[in-house]
Amino acid sequence: MDVDTRLLRYFAAVAEEGNLTRAAERLYVSQPALTKQIKQLETLLGARLFTRSRAGMTLTEAGRALALRVPALLDDWNRALSETHAAAAREARVLRVGFLASAANEATREIIAAFGERRPGWRVDMRQSPWSDPTAGLAEGSVDVALLRLPIPDQESWRVEVLLTEPRCVVLPNTHRLADRDEIPFRELLDEPFIAAPQATGRWRDYWLAVDEREGVPPRIGAVTKHPDDWLNAIANGYGVALAPESTARFYQRPGVVFRPVVGIAASQVGVAWNPIDDGNAPVQDFVRSCLRFKQA
């Protein structure tokens, strides 16, 4: 019998969380999709793995037996993948770097140049991810290292170094009643519809909706988008407003949209992140050192 390792990862997340909603957020998938995958695994194994109730997901005896073995199995598989990717990278002299939006802003080119000094003959393959994956490919193992906007879901699972901090701004349609303001208190935006990332991104979505600074006022969602262009179009078309890093005004200018400073919310951080498995991966660590060379004082 062949079982997809993805199904085992999904099983492990539900077993650890004991809750489908939290596990779905951690895995960046919808709850119905996760439920379907768990049922598929149970069908393949011919065993019921969970008892479902309003209180959550409780492992059956068969589920407990599988849960004892799966973490070590996945660790071995992840290490095998990491070593394979590292060997392929050394052979091709290519480092895969995931990123979101503007990566590390203006420092990105300097970081790549610094890596080239450390690794002559190597090439950096920059891979942009949609906002449906705040880890920019780290979680699925499609990149070696990533430049991310923090916080990310399950952040404690990764090595993370903060590189820079910048204020958040609010992005508005140019016809908005607040568009002519020089500065906008966040409390004046509490009742506005917001353009949001997919719900499965969990903690990352909540951060860009400023859930912690809403004083209990739930966000109104005007639209959900995965890509910067769709996000800007939704704002320009009047479906809502959005929070963004201050640098967005430099990288994503477009007609019909204005960027205004907002006060009353915490600043945004950019970090470089990698899998702990790659602590001994020399090219990955050279890239991290190249990033830290331009760390904001």
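Refer to the structure printed above.
Okay, so let's go over this structure. (Residues numbered from 1 in each chain as written. Predicted model: local features only at pLDDT ≥ 70, side-chain atom pairs only at ≥ 80, totals over all residues. Heavy atoms only, no water.)

## Topic: the packing of helix α1 (residues 5-17) against helix α3 (residues 31-45)
Quick note on the threshold: Every axis in this analysis is a line fitted to C-alpha atoms, fitted for helices over the stretch in contact. Angles between the N-to-C directions lie between 0 and 180 degrees. Put simply, DSSP H or I for four residues or longer makes a helix, DSSP E for two residues or longer makes a strand, and each gets a number counted from the N terminus. The scheme is simple: roughly parallel for angles under 35 degrees, roughly antiparallel for over 145, roughly perpendicular for 65 to 115, oblique for anything else. For any helix crossing, the convention is left-handed if the near helix is rotated counterclockwise from the far helix by under a right angle, and right-handed if that rotation is clockwise. Should any heavy atoms of two residues lie within 4.5 Å, those residues are considered in contact.
It is at 9 Å that the axes of α1 and α3 come closest, and there the two elements cross at 110 degrees. Here α1 is positioned roughly perpendicular relative to α3, judged by the angle of their axes. Crossing angle aside, the handedness with which α1 passes α3 is left-handed. Across the interface between the two elements, Arg6, Leu7, Leu8, Tyr10, Phe11 and Val14 of α1 pack against Leu34, Gln37, Ile38, Gln40, Leu41 and Leu44 of α3.

## Observations concerning α3
Inclusion rule: Here the expected span of a helix is defined as 1.5 Å times the quantity of residues minus one. Only protein chains enter the accessibility calculation, which uses a 1.4 Å probe; a residue whose area is less than 20% of its type maximum is buried, one above 50% is exposed, and one in between is partly exposed. Think of it as the arc spanned by the lines of direction from the helix axis to the C-beta atoms. Each polar contact in these results corresponds to two N or O atoms within 3.5 Å; when the atoms are within protein, one needs to be able to donate a hydrogen and the other to accept it, and residues that are neighboring in sequence are counted only if both atoms are side-chain atoms.
With 15 residues, α3 ought to run about 21 Å at 1.5 Å a step, and its terminal C-alpha atoms sit 21 Å apart, in line with that. Within α3, the full set of buried residues consists of Leu34, Thr35, Gln37, Ile38, Leu41 and Glu42. Seen end-on, α3 carries its buried residues on one side only, within an arc spanning 160 degrees. Away from the buried face of α3 by more than 90 degrees, exposed residues Pro32, Lys36 and Thr43 are located. Residues of α3 that are buried in the fold lie against α1, α2 (20-27), β1 (50-53) and α4 (61-92). The distance from a side-chain oxygen at the start of α3 to the backbone nitrogen of Ala33 is 3.2 Å, and the residue carrying that oxygen is Ser30. Of the residues flanking the end of α3, it is Gly46, one or two places downstream, whose phi is positive at about 65 degrees.

## Side note on the packing of helix α5 (residues 107-118) against helix α9 (residues 282-292)
Applied cut-off: In this classification, the charged set is Asp, Glu, Lys and Arg, the nonpolar set is Ala, Val, Leu, Ile, Met, Phe, Trp, Tyr, Cys and Pro, and all remaining amino acids, among them Gly, are polar.
In contact at an axis separation of 8 Å, α5 and α9 are set at 130 degrees when each is read in the N-to-C sense. Compared by their axis directions, α5 and α9 come out oblique. Crossing of α5 over α9 shows right-handed handedness. Where α5 approaches α9, its residues Ile111, Ala114, Phe115 and Arg118 are matched on the opposing element by Pro283, Asp286, Phe287, Arg289, Ser290 and Cys291. Residues belonging to the contact of α5 with α9 are distributed by class as follows: six nonpolar, one polar and three charged.

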